[in-house]
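The lines below spell out each chain.
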Amino acid sequence: MSFSAFFGQKCILKGPKLLHWVPSISPAIASRPWLRVPLGVVTILILLIMALLNFFFLPPASCPPLAQNASASDALNSQSLYSIPYYMYCCILGLLSCSIFLYMNFELKLILLTVALVIYNVIFLHTHAWLSDCYVNWLYPNLTILEPGVLKEPKLTGSIAFFTFFCVLLVLARQNEYYCRLDFLWKKKFKKEREEIETMENLNRVLLENVLPADVAQLFIGQNLRNEDLYHQSYECVCVLFASIPDFKEFYSESDVNREGLECLRLLNEIIADFDELLSKPKFSGVEKIKTIGSTYMAATGLNAPPGGQEAQQDEDRSISHIGVMVEFALALIGKLDIINKHSFNNFKLRVGINHGPVVAGVIGARKPQYDIWGNTVNVASRMDSTGILGKIQVTEETAKVLQKLGYTCQRRGVIKVKGKGQLCTYFVSTDLARSPPQANALN
């Protein structure tokens, strides 16, 4: 691990292929405490032992007298037993090895350093103290004239050095552990905050996709749109549906029996929720709910088609097939309301108006954005609903022609007066579930 850190991964990869496995060992060991700690302890013990291994192979414990004609330097060069300062330095380097392993517990380092300090002091101050005395005798042959100071004795100097490095290494180890724990807590806090942020982003994404279409929501996620940045998109062929329950206005009342109208609103919520449940079906994946206005349900298809006139390049039957999907959705709404009537003992009837044509879609608002569509197509679809008949699906003449191509049966109602549009010829779509083959093929 130290070898990999010293030479670097790039240097090792440029070297012999036999060493390419070294960089992969370091992260494997660092991420496994059960492997990292024993390896560190064994490495430190080996270094501490190797520091004094040759010390025990010196000549027997004897200190020969200094020859009269020999100088002190000659005696030191000829006798290997006077290398005690060298072994003290080796012991200090052995103590320093404990500071190499940063991810080791302070208590474990304290134990290792304490054991090493005691053993080194016992060796230099007790069992092998004669080496220091002999070393001093060779340096100062005439102790009566020139007596060395106490701090110049190797055994005392080494003991003080051992204790000094022992204290310094413990302070560094404690400081390193403090910062490691602080780093761990910061990483843990950062990870928790990142998970919370991801959770909030996912929640915001889900909430935004419930308010806006999925493709439109992606434009607003992760973007800091300004209030003046208006999202809008033009579509050439969009089918718009308005489905209302006129009877609900008469049904709604505020009295003590229905808890001041709360039970009426609860029933309306169940109806709208059941309508929304139909949107989860695969066959209605192209239907986009726009909004609800009182007891009126507004939806559209064709908003996921290429914008502008790009869909003109597509097959004609395929480009208008979403209009047939909207009719099927309207029939499903009527069937769903009939089921609700059976369970709630009511007799609500759905009035549906459908029209298709060009629209402009956009998002209004910065705090509570609202996705909506505008255009003459929307206004006419709303009029088809308001001028319709309960239990019927009323469409314009243009829409009726398209539905007839898809295999639907449309009955001519005649010319009616539409507010703001004058006289319009409208049709009723047959609610018979039996469809002709051309319609089925077009929808598929």
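Here is a short report on the structure shown in this document. All values reported here derive from a predicted model rather than from experimental measurement.

### Re the layout of surface pockets
For step 1, the next point in the chain: Here the largest pocket defines a volume of roughly 560 Å³.
For step 2, the next point in the chain: In this structure, the largest pocket is lined by 21 residues; those nearest its centre are Glu209, Asn210, Leu212, Glu288 and Lys289.
For step 3, the next point in the chain: For the lining of the largest pocket, the secondary structure elements donating two or more residues are helix H9 (154-211), helix H10 (214-220), strand S2 (287-293) and strand S5 (370-374).
For step 4, the next point in the chain: Here the lining of the largest pocket takes five residues from S2, the largest share from any one element.
For step 5, the next point in the chain: Classifying every residue of the lining of the largest pocket gives ten nonpolar, five polar and six charged.

### Observations regarding the packing of aromatic side chains
For step 1, the next point in the chain: Taken as a whole, this structure holds eleven aromatic pairs when the rule is applied.
For step 2, the next point in the chain: With centroids separated by 5.3 Å and ring planes inclined at 75°, the aromatic side chains of phenylalanine 284 and phenylalanine 329 adopt a geometry described as edge-to-face. Here the residue phenylalanine 284 occupies a position in the loop between helix H12 (262-278) and S2, and phenylalanine 329 occupies one in helix H14 (residues 321-344), the gap between them amounting to 45 residues.
For step 3, the next point in the chain: Phenylalanine 329 sits in the buried class, given a relative accessible area of 0%.
For step 4, the next point in the chain: Through successive ring pairs, a cluster of aromatic residues spans Phe275, Phe284, Tyr297 and Phe329.
For step 5, the next point in the chain: Cation over ring: arginine 174 sits above phenylalanine 106, and NZ or CZ is 5.5 Å from the ring centre.

Criteria and thresholds
Residues numbered from 1 in each chain as written. Predicted model: local features only at pLDDT ≥ 70, side-chain atom pairs only at ≥ 80, totals over all residues. Heavy atoms only, no water. 1 Å grid on protein atoms, 1.4 Å probe; cavity = no way out; pocket = protein on both sides within 12 Å on 5 of 7 lines; lining within 4 Å. Points joined across faces, edges and corners; volume = space filled by probe spheres on them. Helix = DSSP H or I, 4+ residues; strand = E, 2+ residues; numbered from the N terminus. Nonpolar A, V, L, I, M, F, W, Y, C, P; charged D, E, K, R; others polar. Phe/Tyr/Trp six-rings, centres within 6.5 Å; stacked < 30°, edge-to-face > 60°. Buried < 20%, exposed > 50% of the residue type's maximum accessible area, 1.4 Å probe, protein only. Lys NZ or Arg CZ within 6 Å of the ring centre and 35° of its normal.

Purely geometric numbers; function is a separate question.
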